[in-house]
Amino acid sequence: MDRLSADDPPVLDRYRPLARLTAAGGERRLLARGPDDGLAEIVLLTSNAPADLQGVAEALREAAGPGLPVLLHGGTGPGPASGTATRRTLLLSRAGKRDREPTPVVPPEPAWLAFPYVPSLTLAEAGALMYGGLPDETLRAVRAVLTGALGRLHALGAPHGAVTADGVLICADGPRLVRPRPRQGSPREDLAALDAVLAQVSPAGTPPPDTAHDPRLPDPAAPFPLPARLVTALARQADHALAMEGATDIGQTGTGRTERRPPGRRAVVIAAGAGLLAGGVAAFTLPDRGSGTGARPAANRARVPEGIAPSALWRYDSRHSNLSYENSTVWAVREGEAALLAESEELTALRLADGRVLWRADQEDVHLSSAPNDSIVPGAPGTVVVAHGTGFVAVSTEDGTRLWSEDMGIAPELSFRKMLAFDRRRGFVLYQAALTAAPEGADPGEHLIAFDYRKRTERWRLHIPVSKSDGLGFDVREGRVFAAAARDGTAHVLPIDLDRGRAGTGLAHHWIPKGHQMTVDPVTRLVYAMGDGHLTAARLDEDEPLWRLNLNDDASRTEESLINSPSTAEIAGLGKVAFTSDQNRTVYAVDPARGRELWRVRLLPDPPGEHVRLAPGLTLSDSRRTLLVAGRAAGVVALDPRNGAALWSFQAGQSPEDLYRVHRMPGDRVLVVNQSSVYALPVR
């Protein structure tokens, strides 16, 4: 679901649209409150011609004759694989001749159909959610039901004309087809199209066997074999719809009772009989005589209802397909006016207000490496500094022009690893480098190097005896850097003097289990160790654990589950909270002072496949009122950081290899990067 946009009608006769549903069959669908206060689905038709509507309604009426099984779309009544429907009467009210006296001209609203709301997924959505494809038994059931429905329609000499991946809807009790487009195809094309769309969502890439000769044909009386993941998705959609039901109203009287405003237009109504589309009401509207200006009530868009992802403020599509992998960070520059994006061998500045490209700097200007995002930091005001192999380039954030370039003077035996930070007060770029080779058995260690961007020369170099770059925890904004590494059960945490480039005396921590990763949190001054599904913390100056948490769902399970490094923030009403996640796609909120778990939320699992399982990334909004969780194909989930309650979810691409990243921007928005697209989402 998505929020209504400015071009969505706020009122359609006695129906009040609440949100957008996924478009199906090329036509917009809306969730609406109906005249009986129940939920309804509105389909905005692509044609307003009364003749077209009459033809569709006649075909539906004929297809639903006595004794004929019917296929429902969002309606109530007999199921898709069995049952009968009685013939219903087609009612067509035609508008009379228009009066010759002048009347205000009001653009007509689109023709529309209304149905009782039933949660549904397009076949394209269902196939994407199943990652590897729909199970064979589900495909056979879908083919059997839809082949029968098309056969009944073809027997009347009417092709369907809209059998596409988004023209088939999957509901809890079976598949449905969107309304027919008899002028757009032939019966033979319908059957070929059905095979093609089923092949799209099949693990083998081929349609199931012909149901007429398939010994595994599903029992018509058996329940529709819907995979658990799709049941969950439909249940989530139902929850969202119920949350919408009470979110807005047509109007409130002083007594709190609903006051329904009389429609200012006369509706030409076709009541369609049960059939491929059941229980529908089609209508197109004309101006009422004496209806004044025809102004429509303004929709209430003051808040995003719970459960509904906010509409993207804008979307930027790149010609490069790996944005989410190339941009582990997206920098806000120009006083928060622009966002800096790495696009393969280009650097692109997007205006945050509307996503418009402000400038591009290509490989010749910036010398981006094969992992460009690890090579960029904002520099002095109006510049960003890009590292490339053995040198630095400073680029203007105003227009992308190169301001200067300088060899970083790195020793031949060292190789550049990644940029860490820019210290504006001290005037240097902090980066990591490692020995290209080391004697057998020797620890190559890491080098922390400060490059003076004013003098364009190295200021200092510090060798740190650590074996993994992940052992460096730093917070240059606080003027503090801690280098830490665990080795054979002992960790050395060294405070770094950034002015002189020297390591202070650090405490050896002997309590860290062998093989556990570790990090230092400068906010709480805690050392964290993560491994085997456990999170352990100790104070920087104490060689013993302060607390230890078992984050496994099952306390008896001890296999390793990768846990992300905790990040700490001040949350209203809770104080300091440490947030983390694990490979089981569970998000945790922990009181860092006491080691008490505040809440946990288990999300949908990662899709199966060859990719590495990830602990989802966590991003707090600028206001710290929304915690955004991003992983692979399941998309982005927004949680309330106070209690873990789900606020909304956002999903674009759904392939197993999809990776979502969320980047906090100044103010009330975040950028979501997925494959080749960037979405700007408003957050609270």
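Keep in mind that this is a model prediction, so the values were computed, not measured.

Cut-off values and rules
- Every residue gets a number counted from 1 within its own chain, in the order that chain's sequence is written.
- Where local features are concerned, this predicted model is filtered to residues with pLDDT of at least 70; where side-chain atom pairs are given and counted, the filter is 80 or more; whole-chain, interface and lining totals use all residues.
- Side-chain metrics in this entry use all non-hydrogen atoms of the structure; hydrogen atoms and water are not considered.
- Interaxial angle, 0 to 180 degrees, is taken between N-to-C directions of lines fitted to C-alpha atoms, where a helix line uses only the stretch in contact.
- Comment: elements are numbered from the N terminus, with helices defined as DSSP H or I runs of at least four residues and strands as E runs of at least two.
- Reported orientations rely on four angle classes, namely roughly parallel under 35 degrees, roughly antiparallel over 145, roughly perpendicular from 65 to 115, and oblique for the rest.
- Left-handed describes a crossing whose near helix is turned anticlockwise from the far helix by less than a right angle; the clockwise case is right-handed.
- Here a residue-residue contact requires only that any non-hydrogen atoms of the pair lie within 4.5 Å.
- Here the term charged refers only to Asp, Glu, Lys and Arg, the term nonpolar to Ala, Val, Leu, Ile, Met, Phe, Trp, Tyr, Cys and Pro, and the term polar to all other amino acids, Gly among them.
- For two strands to count as paired, DSSP must find a minimum of two bridges between them.
- pLDDT expresses how confident the predictor is about each individual residue, on a scale running from 0 to 100.
- Burial classes follow relative accessibility: with a 1.4 Å probe on protein chains only, a residue under 20% of its type's maximum area counts as buried, one over 50% as exposed, and anything between as partly exposed.
- In this analysis the probe radius is 1.4 Å and the grid spacing 1 Å, with only protein atoms considered; a cavity is a set of points the probe fits into but cannot get out of, a pocket is an open set with protein on both sides within 12 Å along at least five of seven lines, and lining residues have an atom within 4 Å of a point.
- Grid points are joined across faces, edges and corners, and a volume is the space filled by probe spheres set on the points.
- Within this document, salt bridges are pairs made up of a side-chain nitrogen of Lys or Arg and a carboxyl oxygen of Asp or Glu, the two lying within 4 Å of each other.
- By nonpolar core is meant a set of buried Ala, Val, Leu, Ile, Met, Phe, Trp, Tyr and Cys residues that side-chain atoms within 4.5 Å join together.
- Stacked, tilted and edge-to-face are the three classes applied to pairs of Phe, Tyr and Trp rings, where Trp contributes its six-membered ring and a pair requires centres within 6.5 Å; stacked means planes under 30 degrees apart, edge-to-face means over 60, and tilted covers the rest.

Caption draft 1: Inspection of the packing of helix 3 (residues 136-154) against helix 4 (residues 187-200) at higher detail. For the pair helix 3 and helix 4, the least separation of the axes is 11 Å and the interaxial angle reads 170°. It follows from the interaxial angle that helix 3 and helix 4 lie roughly antiparallel. Between helix 3 and helix 4 lies a crossing of right-handed hand. Residues Leu139, Val142, Arg143, Leu146, Thr147, Leu150 and His154 of helix 3 touch helix 4, and the partners they reach there are Pro187, Asp190, Leu191, Leu194, Asp195 and Leu198. Taken together, the residues of the contact of helix 3 with helix 4 sort by class into 8 nonpolar, 2 polar and 3 charged.

Caption draft 2: How the structure looks around the pairing of strand 37 (residues 617-620). With 4 bridges joining them, strand 37 and strand 38 (residues 627-630) adopt antiparallel strand pairing. The residue of strand 38 that forms the bridge with Leu620 is Leu627.

Caption draft 3: Quick peek at the confidence of the model for the protein chain. Taken as a whole, the protein chain shows an average pLDDT of 74; of its residues, 71% reach a score of 70 or greater. This stretch, residues 48-54, has a pLDDT under 50; its non-local contacts, to residues over four places away or in other chains, come to 16 contacts. In the model, residues 61-107 has pLDDT below 50 throughout and makes 111 contacts with residues more than four positions away in sequence or in other chains.

Caption draft 4: Broad picture of unusual backbone geometry. The phi torsion at Arg334 lies on the positive side, around 55°, for a residue other than glycine. Along the chain, Arg334 falls in the loop between strand 12 (331-333) and strand 13 (338-343). The phi angle at Ser344 is positive, at roughly 55°, despite the residue not being glycine. Of note, Ser344 is situated in the loop between strand 13 and strand 14 (346-351). The exposure class of Ser344 is partly exposed, given its relative accessible area of 25%.

Caption draft 5: Here's a closer look at the sheet that holds strand 32 (residues 547-550). Strands sit in the order 29-30-31-32 across an open sheet of 4 strands; the sheet is antiparallel. Taken across any chain shown, the strands that pair with only one partner, and hence form the sheet edges, are strand 29 (517-521) and strand 32. The mean angle between the axes of side-by-side strands here comes to 20°, regardless of whether they run parallel or antiparallel. Here 6 bridges tie strand 30 (residues 526-531) to strand 31 (residues 534-539), and the two strands are oriented antiparallel to one another.

Caption draft 6: Just the layout of surface pockets, in detail. Computed from the structure, the second largest pocket encloses a volume of approximately 920 Å³. Going through the elements one at a time, strand 1 (16-24), strand 2 (27-33), helix 2 (123-129), helix 5 (228-245) and strand 40 (646-650) are the ones with two or more residues in the lining of the second largest pocket. Classifying every residue of the lining of the second largest pocket gives 14 nonpolar, 10 polar and 7 charged.

Caption draft 7: Main features of the pattern of salt bridges. Applying the stated rule across the entire model yields 25 salt bridges. Glu41 is the salt-bridge partner of Arg29, the closest N and O atoms lying 3.2 Å from each other. Of the two residues, Arg29 sits in strand 2 while Glu41 sits in strand 3 (residues 39-44), which places them 12 residues apart along the sequence. Its relative accessible area of 1% is what places Glu41 among the buried residues. Among the ionic pairs, Asp317 bridges to Arg315, the shortest N-O distance being 2.8 Å. Salt bridges sharing partners connect three or more residues here, namely Asp7, Asp8, Arg20 and Arg28.

Caption draft 8: Structural view of the nonpolar core. Core analysis: the biggest nonpolar cluster contains 25 residues, and Leu123, Leu134, Ile170, Leu194 and Leu230 have the highest contact counts within it. When contributions to this core are tallied by element, the ones reaching two or more residues are helix 2, helix 3, strand 7 (168-171), helix 4 and helix 5. Tallying contributions element by element places helix 3 first for this core, with 5 residues. Those residues in contact with Ile170, other than ones at most four positions away along the chain, are Pro119, Ser120, Leu121, Leu123, Ala126, Val142, Pro175, Phe224, Leu226 and Leu234. In terms of nonpolar packing, the next biggest core, distinct from the first, is built from 20 residues, Ala387, Met408, Phe416 and Phe451 among them.

Caption draft 9: The packing of aromatic side chains, seen in detail. Taken as a whole, this structure holds 9 aromatic pairs when the rule is applied. Their ring planes at 70° and their centres at 5.6 Å tell us that Phe392 and Tyr431 sit as a pair that is edge-to-face. On the criterion of sequence distance, the pair formed by Phe392 in strand 18 (residues 391-396) and Tyr431 in strand 21 (residues 428-435) is long-range, its members being 39 residues apart. Both residues of the pair, Phe392 and Tyr431, belong to the buried class.

Caption draft 10: View of the sheet that holds strand 43 (residues 677-682). Strands sit in the order 11-43-42-41 across an open sheet of 4 strands; the sheet is antiparallel. The sheet terminates laterally at strand 11 (314-317) and strand 41 (660-664), the two strands that pair on one side only. Here the strands of the sheet are splayed against their neighbours by 20° on average, with no regard to which way each runs. Here 6 bridges tie strand 42 (residues 669-674) to strand 43, and the two strands are oriented antiparallel to one another. In the sheet register, Val670 faces strand 43, and the bridge partner there is Leu681.

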